[in-house]
Amino acid sequence: KSGATLAPKWRRTQRALAMRTFVLLAMIQFIAGSETKSIRSTRTYGSRNIFNLGKSFQSAKDRLKRMAVNRIDRARMFRSSRSRETSRTNSLVFTDDIESRFERLLRESSKAPHTQTGRGGRPEVPAIAFDIDGVFKMGGEYTSVGATVLRSIQDAGIPYVLMTNGGGGRTEGQYAKEINQKLQSFGCDGGECPHIPDDRMILSYTPFNADLKHLKDKPVLIVGTPRAMDVAEHYGFQKAMHIKEYCCRHPTLNPFGTSGCEKDDCVINPGRGTSEEDFAAILVFTDPENFFEGIQVLTDVLLSSNPEKTEYEPNRRIPVVFSNPDLLWKAQHPHARFGQGAFRLALEVCYKARLQSLGLGEQEIEDRLGDFVQYGKPVVSQMRHTKQALVAQEQELGCKISKYYVIGDNPHSDIQGARNMDQIAEEKLDTRWSGILVRTGVYKDGDDTAGADVVCDDVLGAVKHVFQEHKNELKLKSKKSSVSLI
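Quick look at the structure, then. Note that this is a predicted model, so its numbers are computed, not measured.

## Quick notes on the environment of V454
Relative to the helices and strands, V454 is located in strand β15 (residues 454-456). Along the sequence, V454 and I436 sit 18 residues apart, while their C-alpha atoms lie 5.0 Å from each other. In this structure V454 touches G435, I436, L437 and H465, once residues within four positions along its chain are discounted.

Structure follows, in structure tokens:
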């Protein structure tokens, strides 16, 4: 056949080979650019996983390279076997150009720096969950660097929450307002003071609102400071009763209380109770103001729906939901104070002894102690609410979270919470967690760090560490960030 009839077929074949080669080149460039990102995001999964991931990406890259080279060689052979008369200017693509482009792309892919981006091209940034007591404040005294730290986090576009195992019977909005007022009082170093929105506050009892919806139309006994009733009503618990009110209705329950016969001459009227006192649950929002009263009354209510008439009802089982497992916490006193965790321990011991006195066996006692439900750090259910609050900010800030940090002063609360979440993340190949300990609260040098990744002097040093670890990822919204990345 003549060269004139072969030319169109040659061009069609050449174009087909070229298009396939360009597809392979695009795949190679994508894999070369993704290899570093994938290994970086999984480097903490363990040395075996890193090796396997790196090996898999390199093998795929090598296979694609060989396929592309083979196609280029075939194109060369095909072209050289055909008529040299066909003008190169009539061809849409040239195999020489394909080969040079292929080699150039490989060089650029191996040398080009990788930019961290998440879904939809969103930049990847860390997220931070700050503890409050022992980090930003000690009792009623706030640290002077708090405004600097929070403004820097906001300037950097980093998702964050303030997470505490306390709350003091305040709503999230009330607590946020208090912190914002404190930040204003420090003057914010002449800059704009950061504003903490309500949804950035995760209090010890915040999960009650979402997780205990099934109890909102049932009678529940509220334990804690009197203003905890305001929070219960704010959450929508329609039939809540505070322990103080319950004791006033039944003054003989606590013989040492303000309404008890051992302390005053009040006239006792046992008939003041209502039908709404057959509680479906006991909710411990904060530490009770009176440990003895709390232990005695909760034990009575756990044993009977009507303690004044019946001592023990064998078929009665209701949950006690605690919001804070901390044995110790940092207040203004130089040394740590007992927290709600101490109250739970005391209640468990007394309740168990009371059940033994009623003749219950060890297995049944253990089953009843299983009715104690725990929230608060480091419990996973609490940490998941924290994660949800952080992830909810991704859309607002236009970012993708690359790593979660918990900054706190309590190794067995803050750091253990981070470790619990990191273990789950490792198993599910999810975004990892890290715990940073500060020396301004419960933790003292020489104490067990519970596996903290870093120990810093204060919250400012902790945030500097996070910025340093992610300096290549962060794209600051303000060029004059308060926290140096160096």
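## Quick look at the sheet that holds strand β5 (residues 201-202)
Within the open sheet, the six strands sit side by side as β5-β4-β1-β13-β14-β15. Their pairing is parallel. The open sheet terminates on both sides in strands that have one partner only, identified here as β5 and β15. Pairing of strand β1 (residues 124-130) with strand β13 (residues 400-408) involves seven bridges; the strand directions are parallel. In the sheet register, F130 faces β13, and the bridge partner there is I407.

## Brief notes about unusual backbone geometry
Residue K377 is joined to P378 through a cis peptide bond whose omega torsion reads 5°. Residue placement: P378 occurs in the loop between β12 (372-374) and α12 (380-391). Not every positive phi belongs to a glycine, and L429 is a case in point at roughly 55°. Looking at the element boundaries, L429 is found in the loop between α14 (411-428) and β14 (433-438). A relative accessible area of 57% places L429 in the exposed class. Of note in the backbone geometry, A450 takes a positive phi value of approximately 60° without being a glycine. With respect to the secondary-structure elements, A450 resides in the loop between β14 and β15.

## Considerations on helix α9 (residues 291-303)
Turn by turn, an α-helix covers 3.6 residues, leaving residues three or four places apart pointing in a common direction. Its 13 residues place the ends of α9 18 Å apart at the C-alpha level, agreeing with the 18 Å of an ideal helix rising 1.5 Å per residue. Most of α9 sits out of view: 10 of its 13 residues are buried. Here the buried face of α9 lies against β6 (219-223), α8 (243-249), β8 (281-284), β9 (320-322), α10 (340-357) and β12. Among the residues of α9, the N-terminal cap falls to N290, whose side-chain oxygen and the backbone nitrogen of F292 are separated by 3.1 Å.

## Looking at the side chain of N410
Checked against the element boundaries, N410 lands in the loop between β13 and α14. Looking at N410, the relative accessible area reads 8%, which means it is buried. With residues up to four places along the chain from it excluded, the contact list for N410 reads D326, L328, I415, L437 and V442.

## With respect to the packing of α12 against α14
For the pair α12 and α14, the least separation of the axes is 10 Å and the interaxial angle reads 80°. With respect to α14, the element α12 is oriented roughly perpendicular. Here V380, M383, R384 and K387 of α12 lie close against α14, whose contacting residues are G417, A418, N420, M421 and I424. Class assignment of the residues belonging to the contact of α12 with α14 gives a composition of five nonpolar, two polar and two charged.

## Examining the nonpolar core
Membership of the largest hydrophobic core comes to 53 residues, with the highest contact counts inside it found for F130, L283 and F285. Apart from residues lying up to four places away in sequence, F285 is in contact with S204, Y205, F208, I222, V223, A228, V231, A232, Y235, S323 and Q340. Counting 28 residues, the second largest nonpolar core, distinct from the first, contains I243, C247, I318 and F322.

## Re the sheet that holds strand β7 (residues 239-242)
Spatially, the five strands line up as an open sheet ordered β7-β6-β8-β9-β12, and their pairing is parallel. The sheet terminates laterally at β7 and β12, the two strands that pair on one side only. With strand direction ignored, the average angle separating the axes of adjacent strands in the sheet is 25°. Both β6 and β7 contribute to a ladder of four bridges, which runs parallel. What sits directly across from P219, in β7, is K239.

## Structural notes on helix α4 (residues 146-155)
With nine of its 10 residues buried, α4 lies for the most part within the structure. Taken residue by residue, α4 has G146, A147, T148, V149, L150, R151, S152, I153 and D155 as its buried positions. Against β1, β4 (160-163), α5 (172-185) and α15 (459-469) lie the buried residues of α4.

## Some details on the packing of aromatic side chains
Per the counting criterion, the structure on display carries 11 aromatic pairs. A ring pair is formed by F291 and F343, whose centres lie 5.3 Å apart and whose planes are at 65°; its orientation type is edge-to-face. Of the two residues, F291 is situated in helix α9 and F343 in helix α10; the sequence distance between them amounts to 52 residues. Aromatic side chains Y404 and W433 sit 4.5 Å apart centroid to centroid with 15° between the ring planes, which places their arrangement in the stacked category. Here Y404 is found in strand β13, whereas its partner W433 is found in strand β14, with 29 residues between them in sequence. You can call W433 buried: its relative accessible area is 5%. A network of ring pairs unites the aromatic residues Y205, F208, Y235, F285 and Y375 as a single cluster.

Basis of the calculations
- Residues numbered from 1 in each chain as written.
- Predicted model: local features only at pLDDT ≥ 70, side-chain atom pairs only at ≥ 80, totals over all residues.
- Heavy atoms only, no water.
- Helix = DSSP H or I, 4+ residues; strand = E, 2+ residues; numbered from the N terminus.
- Contact = heavy atoms within 4.5 Å.
- Pairing = 2+ DSSP bridges.
- Buried < 20%, exposed > 50% of the residue type's maximum accessible area, 1.4 Å probe, protein only.
- Expected span 1.5 Å × (residues − 1).
- Polar contact = N/O pair within 3.5 Å; in protein donor to acceptor, adjacent residues only side chain to side chain.
- Axes fitted to C-alpha atoms, helices over the stretch in contact; angles between N-to-C directions.
- Parallel < 35°, antiparallel > 145°, perpendicular 65-115°, else oblique.
- Nonpolar A, V, L, I, M, F, W, Y, C, P; charged D, E, K, R; others polar.
- Core = buried A, V, L, I, M, F, W, Y, C linked by side-chain atoms within 4.5 Å.
- Phe/Tyr/Trp six-rings, centres within 6.5 Å; stacked < 30°, edge-to-face > 60°.

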